[in-house]
Amino acid sequence: GLPMPEPFKIKMVESITLLPRPQRTARLAASGLNVFSLRSCDVFVDLLTDSGMSALSDKQWAGMLVTPQAYAGSSSFYALEAVVRDLMGFKHVLPEHQARRCRLFRGRAAENVLFSVVVAPRPGCYVPNNMHFDTTEANVLRCGGRPVNLAVPEAFDTAAPAPFKGNMDVAALEAFLLDKGREQVPLVMLTVTNNSAGGQPVSMDNARQVSALCRRFGIPLFIDAARFAENCWFIQRWEPGYEGRSIASIARELFSHADGCTFSGKKEALANVGGLLCCNDDALYEQLRNLTIVIEGFPTYGGLACRDLMAMAQGLREVVEEAYQDYRHRQIELLAGLLRAGGVPIVEPPGGHAVYVDAARFAPHIPTHQFPAQASGLGGGCFPSFRALTAALYAEAGVRGVEIGSSCFGHTDPESGAFVPARLELLRLAVPRRAYTDNHLRYVAAALLRIYARRASLRGLRRVYATPLLSHFTARFEWI
Ligand code: F0G
């Protein structure tokens, strides 16, 4: 057929400017070579995250303007509850916000409420997940639990274009549950798509098997649903029996396998802020609701303004539209294809919300952990290729990506004190929804190809400052 354009036209624009190279270099140095510390006005194309970065639609803005503001029982809550019940099928729906709740921790609200209720009363318990995202992992740890990642082995083979590399290793989960028993495992989580391993989808069959296993053991299954619709698009494309099905009906089936979900509305509610915590169990809901009232807000607003609830309600309807999802994946494939054609090693197949460059294969001359002697006090010494690549991309073109590797997921072994690197060293180029055009992505690809051409000259980084939890946000580095 014809090459399909974006299923929208643009009504409002935001100017972006490319700083001259000397200024980029200076800003980067001042940031401690950590792009999280840059000001966004100094960034030209910002692919740090797809979270909270969507362009809102006219219908979202219209709903935000007309919805009445109310502390309790707002119509925006009921609109949101209706669409969530329709798409996800859960009986209970709690809106939650994501703002930092106290000075010490980034309290991802929905995760924080859930884990405070189900994990905190059982110190030392385990939370298996195909793969935790960084904040989820931190919230489990903070509540005294132990996060366990049980992704299928293919997840770690970045070059293999196998489908559904986001799957949970069902045999490993079964062995784990047999070993620990339900007393030590208050819940199992399934992250769709698997953000930490390349935005890879989970198959319906895998969700079904994980669900059956959890039911056999009497353990609730929660979906981390941040990118559920992108996941359902992959199921529609790749999984036999789902070809003719709508994204919405696939989503309903996917959620029917779970007892609840956490959901970041900053991704696939196409909103700038907000989240959800949903479940079916009445007794659990009562506990979650009560804690939400204490730490977030009344259960019909959960710490959000009513206009934010309205943006989520409308965004959830738009995100399951076929034309939108087709466009979304076409754009990711465009960026992936340009990089692939230029020989840049990327995670194959490309994920749903980002292209992940395999930094370990991009710059194999930089070892993951160069200076073990420097590990003491900093939780590791050297964080090389991925961070170097992230820094180099900003210096080259004003493009901000994010490292998903050892700075994010590496940790110090509590017993030996040795630094344990992450299993994957990735530079993630997350594409905000509906915000950038194909030309922006062509620019990003061209910049990365230029760096690839002189990759042998990339140097590693030494980490000179790190906090104990979620250190990557504030860490500082030096070139080696
Ligand atoms: N779960 C997953 C899979 C995520 O990717 C994120 C956030 C969260 C939970 C937390 O949601 O930000 O609304 O509190 N991921 C962003 C990212 C930040 O860049 O991938 P939140």
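A quick note: this is a predicted structure, and the numbers were derived from the prediction, not measured.

Novice: Explain the packing of helix α4 (residues 109–118) against helix α5 (residues 134–142) to me, please; I cannot follow it from the model alone.
Specialist: A pair of packed helices can be characterised by two numbers: the angle between their axes and the separation between those axes. Interaxial distance between α4 and α5 falls to 9 Å at its minimum, and their mutual angle equals 30°. Put simply, α4 runs roughly parallel to α5. Like other packed secondary-structure pairs, α4 and α5 cross with a definite hand, here right-handed. Residues Glu111, Asn112 and Phe115 of α4 lie in contact with α5, whose contacting residues are Thr135, Thr136, Asn139 and Val140. Of the residues contributing to the contact of α4 with α5, the split by class is 2 nonpolar, 4 polar and 1 charged.

Novice: Where do I start with the sheet that holds strand β11 (residues 402–404) in this structure?
Specialist: Taken together, 3 strands build an open sheet; the order of strands is β9-β14-β11 and the sheet is antiparallel. In the strand order of this sheet, the two ends are held by β9 (354–358) and β11, each with one partner. Pairwise comparison of adjacent strand axes, ignoring direction, gives a mean angle of 35° for this sheet. The pairing of β9 with strand β14 (residues 426–430) spans 5 bridges and is classified as antiparallel. For Tyr356, the partnering residue across the bridge sits in β14 and is Arg428. Here helix α13 (residues 322–341) sits on the sheet in contact with β9 and β14, set at roughly 25° to β9.

Novice: Sorry, what's going on with helix α11 (residues 282–295) here?
Specialist: With 14 residues, α11 ought to run about 20 Å at 1.5 Å a step, and its terminal C-alpha atoms sit 20 Å apart, in line with that. Every buried residue of α11 is listed here: Tyr285, Leu288 and Thr292. Angular distribution of buried residues about the axis of α11 spans 70°; they occupy a single face of the element. Of the exposed residues in α11, those oriented more than 90 degrees away from the buried face are Ala283, Glu286 and Val294. At its buried positions, α11 is contacted by β2 (92–96), α4 and β8 (275–279).

Novice: Explain helix α7 (residues 204–217) here, please?
Specialist: Helical periodicity: at 3.6 residues per turn, an α-helix aligns residues three or four positions apart in one direction. In this model α7 runs 20 Å from its N-terminal to its C-terminal C-alpha over 14 residues, within 8% of the 20 Å that 1.5 Å per residue would give. Buried-residue contacts for α7 involve α6 (170–180), β5 (188–191), β6 (221–224), α8 (228–238) and α9 (247–256). Downstream of α7 by one or two residues, Gly218 has phi in the positive range, about 70°.

Novice: I keep staring at the environment of Phe222 and nothing clicks. Help me out?
Specialist: One can find Phe222 in strand β6. Phe222 sits in the buried class, given 25 other C-beta atoms within 10 Å. In the structure, Phe222 is positioned 193 residues away from Ala29 in sequence and 42 Å away in space, judged by C-alpha atoms. Every residue in contact with Phe222, bar those within four places of it in the chain, is listed here: Leu187, Met189, Ala258, Asp259, Gly260, Cys261 and Thr262.

Novice: How should the nonpolar core be read in this particular structure?
Specialist: When a protein is soluble and globular, its nonpolar side chains tend to lie buried together. Ala251, Cys261, Val355, Val357, Leu429 and Val444 are the most contacted members of the largest nonpolar core, which has 135 residues in total. In terms of residue count, helix α12 (residues 306–319) provides more of this core than any other element does, 8 residues in total. With residues up to four places along the chain from it excluded, the contact list for Ala251 reads Leu87, Met88, Phe228, Ala229, Cys232 and Val320.

Novice: Would you mind going over the domain arrangement of the protein with me for this structure?
Specialist: Interface size is often expressed as the accessible area that is lost when the parts come together. The domains assigned to the protein are domain 1 (21–50 + 322–479) and domain 2 (58–319). Once you take the C-alpha centre of each, domain 1 and domain 2 turn out to be 26 Å apart. Tallying the contact residues gives 24 residues for domain 1 and 27 residues for domain 2. When contributions to the side of domain 1 that touches domain 2 are tallied by element, the ones reaching two or more residues are α13, β9 and α16 (406–409). With 5 residues, α13 is the largest single contributor of residues to the side of domain 1 that touches domain 2. When its residues are assigned to classes, the side of domain 1 that touches domain 2 shows 12 nonpolar, 5 polar and 7 charged.

Thresholds applied
- Residues numbered from 1 in each chain as written.
- Predicted model: local features only at pLDDT ≥ 70, side-chain atom pairs only at ≥ 80, totals over all residues.
- Axes fitted to C-alpha atoms, helices over the stretch in contact; angles between N-to-C directions.
- Helix = DSSP H or I, 4+ residues; strand = E, 2+ residues; numbered from the N terminus.
- Parallel < 35°, antiparallel > 145°, perpendicular 65-115°, else oblique.
- Left-handed = near helix turned anticlockwise from the far one by under 90°.
- Contact = placed C-beta atoms within 7 Å.
- Nonpolar A, V, L, I, M, F, W, Y, C, P; charged D, E, K, R; others polar.
- Pairing = 2+ DSSP bridges.
- Expected span 1.5 Å × (residues − 1).
- Buried ≥ 20, exposed ≤ 12 C-beta atoms within 10 Å, placed from the backbone.
- Arc of directions from axis to C-beta.
- Core = buried A, V, L, I, M, F, W, Y, C linked by C-beta atoms within 7 Å.
- Domains from an automatic or database assignment.

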